[in-house]
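What follows is the residue order along each chain.
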Amino acid sequence: TGAKSRIFHRTDDAYAEIEFYSAQEFLREIVHAYYEELNLPNRPSSFDEFERGLPPKPKFEKPEEHAVYEKLKELHAGIAAFRPYLSSPPKRISLNDVRDYVSQEDGRKRYLAVRCANIHVAFPNGDVTGLGIVDLPGLGEIAKGHSEKLVTSLQREVDAVVLVNRPSLGGTDWFALDIK
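For the structure given in this document, a descriptive report is provided here. (Residues numbered from 1 in each chain as written. Predicted model: local features only at pLDDT ≥ 70, side-chain atom pairs only at ≥ 80, totals over all residues. Heavy atoms only, no water.)

Structural notes on helix α3 (residues 63-77)
The end-to-end C-alpha distance of α3, which contains 15 residues, comes to 21 Å, matching closely the 21 Å that a straight helix rising 1.5 Å per residue would cover. By the burial criterion, the buried members of α3 are Glu-65, Val-68, Tyr-69, Leu-72, Leu-75 and His-76. The arc that holds every buried residue of α3, seen down its axis, measures 110°, which confines them to one face. Residues of α3 that are exposed and point over 90 degrees away from its buried face: Pro-63 and Ala-77. (Helix = DSSP H or I, 4+ residues; strand = E, 2+ residues; numbered from the N terminus. Expected span 1.5 Å × (residues − 1). Buried < 20%, exposed > 50% of the residue type's maximum accessible area, 1.4 Å probe, protein only. Arc of directions from axis to C-beta.)

Written as structure tokens, this is what we have:
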């Protein structure tokens, strides 16, 4: 999952509604977070300016700074795939199309424009009035700025949290970064 998804119980027609970032929100909340983290000069003042190009890669001292810059380059390289959705009004879609808006798999980039996917579907046990599930991307897998916003939104939206860690062949563990 690359975008926050909220799943709600609904007994009639199932559907999803996709909420998109405006271009200015994306610039301010996502792009500027990278520039601040990396202390890059000439922070873009418009999305068009960001689209024109990135500053040259500085000589970073820490290995993690190189990784963050590479993520910024990936974000920039994917602009053509997600820019058409920025500043779009909410879009109602069928459940069959949800993956195209929230998934990172198979090179998908549209999820970057998605603020939230609100999915309305019947849960298997119908006695769940008021129950909703929030599916978040892995905090280490998303763009800068997203993780802080996701955690903040959780504080306002949920009553309980269940953390799920995808198992790996060699075993899975929780690391200090996960806990933080």
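Having seen it, we continue.
Focus: the packing of aromatic side chains
Under the defined criterion, the tally for this structure stands at nine aromatic pairs. Measuring from ring centre to ring centre gives 5.7 Å for Phe-47 and Phe-50, while their planes differ by 70°; the resulting arrangement is edge-to-face. In this pair, Phe-47 and Phe-50 are both assigned in helix α2 (residues 47-52), three residues apart and thus about one turn of the helix distant. Accessibility assignment for this pair places Phe-47 and Phe-50 in one class, buried. Judged by centre distance (6.4 Å) and plane angle (80°), the ring pair of Phe-47 and Phe-82 falls under edge-to-face. You can see Phe-47 sitting in helix α2 and its partner Phe-82 sitting in helix α4 (residues 79-82), a full 35 residues away along the chain. Each member of the pair, Phe-47 as well as Phe-82, carries the same accessibility label: buried. An aromatic cluster is present here, built from Tyr-21, Phe-26, Phe-47, Phe-50 and Phe-82 joined pairwise through their rings. (Phe/Tyr/Trp six-rings, centres within 6.5 Å; stacked < 30°, edge-to-face > 60°.)

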